[in-house]
Every structure is written in C-alpha cells, then in structure tokens.
Amino acid sequence: MTKFIFITGGVVSSLGKGIVSSSIASLLTLCKYKVRVRKLDPYLNIDPGTMNPSQHGEVFVTDDGAETDMDLGHYERFTGIISKKSDNITSGKIFAEVLKKERRGDYLGSTVQVIPHVTDEIKKFIKRDLNKEDFVICEIGGTVGDIESLPFLEAIRQLRNELGKNKTLFVHLTLVPYLSSANEFKTKPTQHSVKELLGLGIQPDLLLCRAERKFDKKARSKISLFCNLFLESVILIENASTIYEVPLKLFKQGILKQIFSNFGLPTKKNVNLRLWEDFLDKFYKIKKSVKVAIVGKYTNLSESYKSLNEALFHSGIFHNTKVEIDWIDSKDIGDIKKCEKLLKSFDGILVPGGFGKDGTTGKLNAIKIAKKFKIPFLGICFGMQLAILESISNLKGFKNASSTEFGKTKLPIISMMHEWKKNNQTFKHDTSNLGGSMRLGSYTSVLKRGSKVFSIYKKNKINERHRHRYEVNYNFKKEIEMSGVSLSGMSPDGNLVEIMERNDHPWFIGVQFHPELKSTPFKPHPIFNSYIKALLKNYQ
Ligand code: GLN
C-alpha cells in the first residue's frame, strides 16, 4: 500500500523544501520504488498561472497542460517522473471545490467548515489519481506558523491518525544558524518550529537541518534532546555548491535508512547512485566556459526563468562547459548602439518567453545584433515571435509589422488564432478567461527534413510543451519566408508555426514551445545541447 511522506518547512522560507523533496524522491526512485511528488500550496490563487513570476518564480507547465508551481520542475528534473495536473493543488482550488459542492447542496444542509470539509478535500487530493505508487511525497508550501497552511497541516495530522505510523512520515526542514560572535550553532529557532508543529499535533519523525556548514555533535544532541527525536533522525544538510549535490549529501547522512526504518521496511543495499556521481564528476571537472546574454523583462530573472537556467546548466555539463549567464533587462538596451556595445562580445544571445509590449525594443535590438554579428541565437516562445517580427519588418511595406498582443495593428503577423482566416475558414482560440485562453501543455510538431532542427532532434515528430496565447499568423507565411526565415517545424495540420530558423546564420533558431521544461541533468535537451555546442564555435 502507498506510503506518504509529508515535508514541511520551518523558521524561514526559501530553505529548499522543493530540492529536499526532489532529492528524497530521486533516492527512492533509484531504489526502484514507484514515486509521485506533489505540491500543496497554501495561497488562495487557483493556480500560479496569473501570478507575477518576479514575485513567485517561474510557472511550470506540465505535459497535460497545467500551470503549476516551479517546484514541480525540480521534481521532474531530479526524478524524470512526468508531473501531472493532479500533482499541484492550492487553497484556492480546494476552496473553489468546497464552495461548488456547497452550492450544489452536497453537504445536505450542514454547516460548511474548515474541519471537516476543507480538510477532507485536501485529504482527497493527496490520495487522488494514484496508481499503485509505493511512495507519495507531499511538499507543503509556506512555513509552519503561516495562517494559510493550517488546514493542510491539520489534514496531514488526520491522515497520520487514519493511515497509521507505518504508512506516513513527517519530515520537517529547519534552519540552524551559526552565530560567529558566540562561535556556536543556534538550535533555538528549530526548537521553536518543532514546538509549533507539536502544538498542531504533529511530531516530526525526521528533522532536516539546513546549516551553512557541518555542525557539531553538541548542536545535534541538543536538537535531538529538545525536539524529542533519536540522534540519527536529526540530519544535517550543509550548503551545497549545486542543488544536484543534495541527493548524495542526504544519502551519505543516512536518510534512506531513516526513512525505511520509520516505515518498518528493510534497508536497501547497493543503491545505484552512478547517475548522480557521474553528473557531479563532470561538474567538478568543468574546463571551458561560455557567456550567454539572456535578454528579458523580469528583474528577478534567475527565479523567473528557473527551468531555462537549469537547462543551460545541464547542457553545459554535457559539454564540460560552464555556462555563464548575464541576465540583461531589455529596458537597458533600447538604444541599438548601447545594445551592440553590450552584446557584441557574448558567445550567445537568448530571448526567452515573455508577455507584453514593455521592453520589446531592447529584445528586438538583441535579435538584430545576433544577426549582424552571427552570434548563436535562441528565441523561446515570445523570443521566436519577436525574431519573426524583426525579420519581416525588413521587407518593404512591413516596417510596422506587429503582434496584436501590443494593440491594434494593420499587420498582425503575430495574433490570436480567432483573429485570422484561411480559405474562409475561421480558427478558434478560447478567450473566455485569462487563465484559460492559452495553448498549454504538450503538442506535436512536425519537422522539415534537411532542416537544422531535424538534424538536432534526429526525428521528424517531436512533442514539446507550450504556454502562449498568440501564434504566428499563417496568412503571412509567404512573406515571412521571403524575409529569410525557414519555417522548419509546423503543427501536424500545418497551420501553426512551431519552429523557425535562418539559413543565412550559423545558428539562429526560434521555437514557439519551451524546450527548457523537458531538460534534466541526465537527459539534457537536444536544442540546448546543440546551442551550447554552437557557443563553443562548434556548429552542427
Ligand atoms: N506573450 C506571448 C504569447 O502569449 C508569448 C508567451 C510566452 O513567451 N510564453 O503568445
């Protein structure tokens, strides 16, 4: 029967619960167990789709078209297990479900309350859509003590009661700060956090303590004594030089032994950790480096583009190369001369996904510079749309080529499907609400034989994940091609442009989808592998 591991966080946020959950999932997967990893987010939004990425980080899109928390990206990257819509829930979704039932009269006149109605719904979610998993790892978002997370903590407390101790495990992640003035690790915040959990009826079974460096036996014994845990159940996680070190660090600290003994399972011998060891070995031996300019709009760029960051890192390791990223705010390069000066010396230029007109001049300038100096260019989603606009705007009469995303235009080269017509046929794009109007999730593209992307993927049908509202307008296909663009990937019906490339450039590719969402350390994405190869002046 399925066993549940609940992961909570205490003391401060940003301790890396997502990485810890992913690492535990990875280790269990390497033990050949069937695992799912889920995220329970206490905020009231229905999903993170409409949340500003500079505040909340990247929106991760699943194959089945859900806009989810970026931690699901870590889960996939660490385990290779493809996440589903049902792996991310928010308070907003839970409340919406409860209120829908209330209106429908499902509660038969009873008073609708957090306990049991909201908590029942949470428990249902935790156990939903499973198929003989050995372990389900549930990360509870937020920090213990937050008002919003209370129903979630209550729900997992109830589950322990219902399923028993050998089917549930409470893991709590805390911080053990080092105070240099006292030359001591301080355990009090951890004690308080555990006390807070105890007040809610949850005694953690395992404590994972984040510390800047290895802490002494004294701190560990103190935590064990005050938090009512065996010494071996207090596990240290010292800072790592990459997040991908965490699975091995946890393994060396004996986390698997602790997990198995809590569940009354025999310890697994000979866990094969080769994948991680080989990956890290390559990481420690990096010799070369390349510099990429990523031109975007959000200020907190590395969190807003988490998967992109990781995908470049994975392909860098694949080529024994460190990929140095300079995040450039497109508003700073609105002047073409300034842009040229800044970008000319980069090995590669990348324009990632984005929304809205703001800062597009700078992005278009970056594309011009990539073309002029034959710098390898990758345009992702919005980046591809802009590369098409930049190209066609050089044709006579197309100077004002635009996207309807920027307002009314006579030249809607990029527009929503329902705005264009072909052979008197109209196309539909559902625009009923903001969160529901996008092309989301996995779609097939058919690649042109002989194209660069065909040589990269080495097949003619691929599936990649999408998240966009606008499309390249089919009615301008001829003009787009006349401007020097080859449309090398199309939707199976031939209506939607999925990939463009330039034949007058050594490496210039734009993709309507987000390849970064499918890259993992063990399976770096072919597009990024080829891009990094090009940055090393080694063209495919
Ligand atoms: N804003 C563009 C669209 O909605 C591109 C979106 C993106 O880059 N993800 O089509």
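Residues numbered from 1 in each chain as written. Predicted model: local features only at pLDDT ≥ 70, side-chain atom pairs only at ≥ 80, totals over all residues. Heavy atoms only, no water.

Asks: I'd love a proper account of the side chain of Asp 69, names of residues and values included.
Replies: By the element assignment, Asp 69 lies in the loop between β4 (67-68) and α3 (71-79). For Asp 69, a relative accessible area of 4% corresponds to the buried category. Engagement of the side chain of Asp 69 in a polar contact is seen with the backbone nitrogen of Asp 71, the distance being 2.8 Å. Discounting chain neighbours no more than four positions away, the residues touching Asp 69 are Lys 39, Asp 41, Tyr 43, Pro 48, His 56, Phe 60 and Asn 88. (Helix = DSSP H or I, 4+ residues; strand = E, 2+ residues; numbered from the N terminus. Buried < 20%, exposed > 50% of the residue type's maximum accessible area, 1.4 Å probe, protein only. Polar contact = N/O pair within 3.5 Å; in protein donor to acceptor, adjacent residues only side chain to side chain. Contact = heavy atoms within 4.5 Å.)

Asks: Which residues make up the packing of aromatic side chains, and what values do they have?
Replies: Applying the stated criterion across every chain, the model contains 21 aromatic pairs. Their ring planes at 50° and their centres at 5.4 Å tell us that Phe 78 and Trp 276 sit as a pair that is tilted. With a gap of 198 residues between them, Phe 78 in helix α3 and Trp 276 in helix α11 (residues 274-284) connect regions that are remote in the sequence. Relative accessible area serves as the criterion here: at 1%, Trp 276 is assigned to the buried category. Seen in terms of ring centroids, Phe 279 and Phe 522 are 6.5 Å apart; in terms of plane orientation they differ by 85°. Their pairing is edge-to-face. Taken together, the residues Phe 279 in helix α11 and Phe 522 in the loop between β25 (508-511) and α19 (526-535) connect sequence positions 243 residues apart. Aromatic rings pair up to connect Phe 78, Tyr 244, Trp 276, Phe 279, Phe 283, Tyr 284, Phe 313 and Phe 522 into one cluster. (Phe/Tyr/Trp six-rings, centres within 6.5 Å; stacked < 30°, edge-to-face > 60°.)

Asks: Quick one: what's the story with the site of the ligand, residue by residue and with numbers?
Replies: Residues in contact with the ligand, as listed here, are Gly 353, Gly 354, Phe 355, Cys 381, Phe 382, Gln 385, Glu 405, Arg 467, His 468, Arg 469, Tyr 470 and His 514. The side chain of Gln 385 places a nitrogen or oxygen atom 3.2 Å from an oxygen atom of the ligand. In the environment of the ligand, an oxygen atom lies 2.8 Å from a nitrogen or oxygen atom belonging to the backbone of Tyr 470. For the ligand, whose accessible area on its own is 300 Å², the fraction buried by protein is 99%. Residue assignment for the shell around the ligand shows that the elements contributing at least two residues are α16 (382-392) and β21 (461-468). In the shell around the ligand, the residues fall into four nonpolar, five polar and three charged. (Near = heavy atom within 4 Å. Areas by Shrake-Rupley, 256 points an atom, 1.4 Å probe, with all protein chains shown as cover. Nonpolar A, V, L, I, M, F, W, Y, C, P; charged D, E, K, R; others polar.)

Asks: If you had to explain the sheet that holds strand β14 (residues 348-351) to someone new, which residues and values would you point to?
Replies: Strand pairing in a sheet is mediated by backbone hydrogen bonds. Such pairs are either parallel or antiparallel. If you walk across this open sheet you meet the nine strands as β13-β12-β14-β15-β25-β24-β23-β20-β21, and the pairing is mixed. Among the strands making up the open sheet, the edge pair consists of β13 (321-329) and β21. The sheet shows a mean angle of 25° between the axes of neighbouring strands, direction not considered. Strand direction decides the pairing type here: strand β15 (residues 377-380) and β25, joined by four bridges, are parallel. Across the sheet, Phe 377 pairs through a bridge with Phe 508, a residue of β25. (Pairing = 2+ DSSP bridges. Axes fitted to C-alpha atoms, helices over the stretch in contact; angles between N-to-C directions.)

Asks: Go over unusual backbone geometry, please, and point to the residues and values.
Replies: The omega torsion of the bond from Ile 115 to Pro 116 falls at 15°, within 30 degrees of zero and hence cis. If you trace the backbone, Pro 116 turns up in helix α5 (residues 114-127). Positive phi is not limited to glycine here, since Lys 32 has a value of about 70°. Structurally, Lys 32 is set in the loop between α1 (17-30) and β2 (35-41). Although it is not a glycine, Asn 183 adopts a positive phi angle of roughly 50°. Looking at the secondary structure, you find Asn 183 in the loop between β8 (178-179) and β9 (184-185). By relative accessible area, Asn 183 is classed as exposed at 55%.

Asks: Tell me about the environment of Phe 476, and please be specific about residues and values.
Replies: With respect to the element layout, Phe 476 can be found in the loop between β22 (471-472) and α18 (477-482). Sequence-wise, Phe 476 and Val 194 are 282 residues apart; in three dimensions their C-alpha atoms are separated by 62 Å. Ignoring any residue separated from it by four or fewer positions in sequence, one finds Phe 476 in contact with Ile 392, Phe 398, Leu 411, Pro 412 and Ile 413.

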